[in-house]
Each structure stands twice: as C-alpha cells, then as structure tokens.
Amino acid sequence: MKLDSMQSKIFLYNIIIIFLLSVAIGISFYLTLSNAIKDEIGAKALQIAKTTAIRDDVKAGFNSNNPSDILQPIAEEIRKETGAEYVVIGNLNGIRYAHPVESRIGQKMVGNDNNGVLEEGLSYISEATGSLGPAIRGKTPVFDDDHQIIGVISVGYLKKDISDIFSKYIDNIVWIIAFFIFVGLIFASLLSTRIKKDLLNFEPIEIAELLKQQNALIESVREGIIMVNDEGIITVLNSAAYKMLSNGEEIQLVGKHIRNVLPNTQMDQILSTGERHLDRNMEINGNKVLVNRIPILNGDRVVGVVSSFRLQSEIDRLSMELSQVKKYTEALRAQTHEYNNFLYTISGLIQLQNYKEALELIHSEREAQGNLIHFISDRLQDPFISGILIGFFNRAKELKVRLIFDEDSKLKSLPKHIHKHLFVSIVGNLVTNAFEAVEHLPEEQRLVRILILDNGKELLIEVEDSGKGIDNKVKDILFEKRVSTKGVDNGRHGFGLMKIKENLLELGGEIYTENGDLGGALFIVVVHKGENEHEGQNRGVNC
C-alpha cells in the first residue's frame, strides 16, 4: 500500500479518527467514573458520620469526665469496620476527642470546614486537607438530648486511596480503548480496500484525468451522444446532442427524464430489455437521424443506456462523396476502356490490311490527345487539376459528350493556403452535374464548357452546359439540402451543390448562376487568392 495512495489515506484518516474518539470516550468514561466514585465515597463517609453521631454511647462519652477514653475506642472500632481512613470526634470548639493518631488527640481539628456543622448544625460532604492529607470527608453534628450541638463527627477517605481505586479501573479502560482501536484498524483496512475496489483501483487524480479525457472525447465526436442512468435520467450529453435536442433554445437537459426530452425515444425500453439497437431510424425535432442505442451493464444488470445519433443527411452526403470518388474511378476506367476500343479498332484495320485508315486513325487520335496534353501542360499546370480534367475528358468521350476546354483557361498552380482537395471537389461536382444535365439530349447537342482561370487576384471557374438550365422554382434554394437542378427532393440528388457551398465557405469563395450561351446553366465560382481559409468562413454563397 503506497503511502500517498487513496487507500492508505483513507486507512490513516480512519485510524486517527478512531484513536481520537477512543481516547475521548476513555477520558470521558474515566472522569464520569471518578466523579461517581467520589460521590459514592462522600455519601458513604457522611452516612458513617451520621450513624456514629446518633449512638447513645457516643453521646454519653461527651458527658464523661474524660471523653477521649470512651470515644477513642468507639471511633477506632468504627474506622476498622467501615474501612475509613479516619473517624475523628471533636467537641464544640473543634478539639479532638478521638483520632487515628492518638498523639493528636486534644489538638484542634484542621481543614476549616467545621463551621457549618458547629454553628448551623448542618451535615455535608467536603473536600479539605486535614492532618493526614487531602481527603473527602463526611461531617455531621452530635446533638444531646435537648437537641443542642455538643460536638462534631468527621469521617474521611484520603484522596490518595481514592486514586488507588481509580487505578484499578484505568487498566480496564486502556484495554477497552486498545480493543476498539484494534477493531477500528480492521474495519478501516476493510473500508479502504472496499472503496478502492469500487473505484476500480483508480486513484482520485486518475479518475479526474479519465473524466477530463472522456469529456474531451465525447465533445470531439461529431455525432450526438446522450447517456441516461437506470431511472432514465439524462446524465451526460455532448454539444452535438444538446444542439439537436434543444433546437436552439437555452434549456437545461441534464437531470431531466429522457421521455420529457425525447417522447419517441426507446432508451427506456433498453433499460428493461438490455437489447442493443443499431442503425435505427428516428426523427428528432423534424430531422431524420440514424440512431445506435447500447445498454451499460454492471455484471448482468442494466445500469444505463448510451445513445449516439447522426443526421441522415450527413450520412447521405458522405455517401455522395464516396459516389464522387467512384465517379473519378469510373473516369479512369473510361479512359482505359476508350484506349482498349482504340487498340481493337487499329488491330482490326491492320488485320483487314487497311493500313492507310489505321494510320489516319492513329494520327487523328495522337493529334487529339496531343492537343489535349499540350493544352493542359501549357495552360493548366497544376497536377491535381490536370489529372481530373484528363479523366473527365475520357469520361466525356465515353458518354458521347463534347467537352470544351475554354482557350482562355490558365492556371499554373494553386496557392498553398487553398486546400487542393476542396478545389478539385468543386470542379468535379460542377462537371459531373453538367454531364448529367446533358445526358438526355441527342449526341450532337451534348456540350459542356470548362474555364479555369487565375487572374492574379482570384481563381475563376466556369462550367456551362447545353441542358435545360435551372428551374426558377429552385433558383433561390438551389444550395440547400436535397435540392437539385433536376428537381426538388428527388432522392439521390441535391448533395453536390450543397457540398460545393460548404467547400466555398472554407475557401472563402462565392458562386453565381446565370443562363449560359450554350442554352443551359452557367455556374461561375470565384475563390479569392488573398484570403486564407479562416477569413473566408465569414463569406457567403451567392446565386
């Protein structure tokens, strides 16, 4: 057991408390007992004195010619029979007639505690220092037959003897204290061990550190997380969950019953069943979410539930991004497919011995490909942009779409503060939308134009198609969720433009829409080169 551990501290504090309590109880017991013994001895001394004072032989002794001869034997007999330290008999002037030390007979009684007896006829217990030392004394007057005070009886017990009586009990008290301290040691050890076990052998500072890490972990997760105890009371929720559940209001959610916050929840059912719910659909404040609910177990008993949930739209957007990656892959596949077809054609022409046609086809393809490579290497030198445009060129050939690279295009490289993956995503989404906008047209009418220009201050992207353009009904809400140029909330579409908006917010750009010269939609994107991404987040998206 480490001296600075929680277990050792609890053990030590308990021992100190038990020791102090035991000592305090022992002292209290000793004082109570000593006072009781003093009171009992005082009462005994007074009773002996009173019994002696009413004896006829004692009264007769006062009237004799030599009272000491009669009273001394009587006093000694009483002293021996009662165990008193002394029985002293004195006259009205306090002169001794009887005393355990015979040489002191005839001398005046000491202690100055006879006045109440001889002057007022009182009987009482006093503590005074006599000739034999400090004592507890019972004093009472002696009356004659006419009820006149004729003397005083003093029966005493020395305090030294009383202390000897106390010492007999002290040993018992010490043993009792020692016993309780020993029992306290055992229980303190058991208690500290039990507390340590309940805390899973963690120290308080470790628990505090784990709590900080847990809070940081929960807050770092974009999903909403909420926990309830075995009574269905909310104990923990992160900011993502609070934002969704509070619906923008400043309200206290921790401490409330989950049913009062989410009437359609199923977390309270898990408290009784212990069943796990994975990827369940649910609606929170009008938003569709995907929910996981996991029971918190202590052995076999369910002591709480943790639920995580995320907007269905975010999951759909992630699916869209994966779909975009798939499209890039398909573009590369299209390029491979196109070259395979080209090689098959050349192979067939050679086998048919149509060498002239084969050469013309090779020269034509070489010229087209050379023009494309020359144009891109001369005008668009950034490898990311070059790669995606070559892929889209081959994809366009497969889709029978005429892809036009505007001759005014010019871009050497993207500035360092502009994230290339965001810029490429914007270009990719715009071109993909343009391909989809013309795919229903006859082959000869399928046109898409691309312009990428660096004018020194801004990066300009224009993507134009020969489709039907943008419906006026959706123009004002074009960049909202589930809105597409192909219609409103049509299921699989509407995420590309929303993703473009998000990327532009990070890049500090703007987007505009117009009717293009090709008859369809024209999207114009402007990204300011002089701003970093943090400054750009204050910009909006215009359309």
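Whatever comes next refers back to the structure up there.
Residues numbered from 1 in each chain as written. Predicted model: local features only at pLDDT ≥ 70, side-chain atom pairs only at ≥ 80, totals over all residues. Heavy atoms only, no water.

## A short note on the sheet that holds strand β7 (residues 234-237)
Right, so step 1: Taken together, the five strands give an open sheet; going across it, the order is β7-β6-β10-β9-β8, and neighbouring strands pair in antiparallel fashion. The sheet terminates laterally at β7 and β8 (277-284), the two strands that pair on one side only. Across this sheet, the average inter-strand angle for adjacent strands is 25 degrees, counted without regard to direction. (Pairing = 2+ DSSP bridges. Helix = DSSP H or I, 4+ residues; strand = E, 2+ residues; numbered from the N terminus. Axes fitted to C-alpha atoms, helices over the stretch in contact; angles between N-to-C directions.)

## Re the pairing of strand β4 (residues 133-143)
Right, so step 1: The buried count for β4 comes to nine of 11 residues, which makes it a mostly enclosed element.
Right, so step 2: As paired strands, strand β3 (residues 124-130) and β4 are joined by seven bridges and run antiparallel to one another. By the bridge assignment, Tyr124 is partnered in β4 with Lys139.
Right, so step 3: If you look at the hairpin formed by β4 and strand β5 (residues 149-158), you'll find five residues sitting between the two strands, and His147 has a positive phi there, around 65 degrees. (Buried < 20%, exposed > 50% of the residue type's maximum accessible area, 1.4 Å probe, protein only.)

## Some words on a nonpolar patch on the surface
Right, so step 1: Residues Leu12, Tyr13, Ile16, Ile17, Phe19, Leu20, Leu21 and Ile25 make up a contiguous nonpolar surface patch of about 820 Å² in total accessible area.
Right, so step 2: Here Ile25 shows up in helix α1 (residues 6-53). (Patch = residues over 30% accessible without salt bridge, like charges linked within 9 Å, V, L, I, M, F, W, Y side chains within 5 Å. Areas by Shrake-Rupley, 256 points an atom, 1.4 Å probe, with all protein chains shown as cover. Salt bridge = Lys/Arg side-chain N within 4 Å of Asp/Glu carboxyl O.)

## Comments concerning the sheet that holds β5
Through backbone hydrogen bonds, the strands of a sheet pair up, either in parallel or in antiparallel fashion.
Right, so step 1: Strands sit in the order β2-β1-β5-β4-β3 across an open sheet of five strands; the sheet is antiparallel. Each edge of the open sheet carries a strand with a single partner, namely β2 (96-98) and β3. Averaged over neighbouring strand pairs, the angle between their axes works out to 35 degrees when direction is ignored.
Right, so step 2: Its contacts with the sheet place helix α3 (residues 67-82) against β1 (86-91), β2 and β5, and it is angled at close to 60 degrees to β2. (Contact = heavy atoms within 4.5 Å.)

## Some thoughts on the packing of aromatic side chains
Right, so step 1: A complete count under the given rule lists three aromatic pairs for this structure.
Right, so step 2: Geometrically, the ring pair formed by Phe392 and Phe435 is edge-to-face, given 5.8 Å between the ring centres and 70 degrees between the ring planes. Here Phe435 lies in helix α13 (residues 420-438) and Phe392 lies in helix α12 (residues 383-399), a separation of 43 residues in the sequence. (Phe/Tyr/Trp six-rings, centres within 6.5 Å; stacked < 30°, edge-to-face > 60°.)

## Regarding the side chain of Glu464
Right, so step 1: Note that Glu464 resides in strand β13 (residues 458-465).
Right, so step 2: A polar contact is formed between the side chain of Glu464 and the backbone nitrogen of Asp517, at a distance of 2.5 Å.
Right, so step 3: Here Leu518 takes part through its backbone nitrogen, which lies 2.6 Å from a polar atom of the side chain of Glu464.
Right, so step 4: In this view, Glu464 contacts Leu447, Val448, Arg449, Gly516, Asp517, Leu518, Ala521 and Leu522; residues no more than four positions away in its chain are not counted. (Polar contact = N/O pair within 3.5 Å; in protein donor to acceptor, adjacent residues only side chain to side chain.)

## Side note on the pattern of salt bridges
Right, so step 1: Within the structure shown, the criterion is met by 12 salt bridges.
Right, so step 2: We note a salt bridge from Asp230 to Arg301, for which the minimum N-O separation is 3.9 Å. Linking Asp230 in the loop between β6 (224-229) and β7 with Arg301 in strand β10 (residues 301-311), this pair joins segments that are 71 residues apart in sequence.
Right, so step 3: Relative accessible area serves as the criterion here: at 42%, Asp230 is assigned to the partly exposed category.
Right, so step 4: We classify Arg301 as partly exposed; its relative accessible area is 48%.
Right, so step 5: Across the salt bridge formed by Arg449 and Asp406, the nearest N and O atoms sit 2.7 Å from each other.

Limitation: the analysis is restricted to geometry and does not speak to function.
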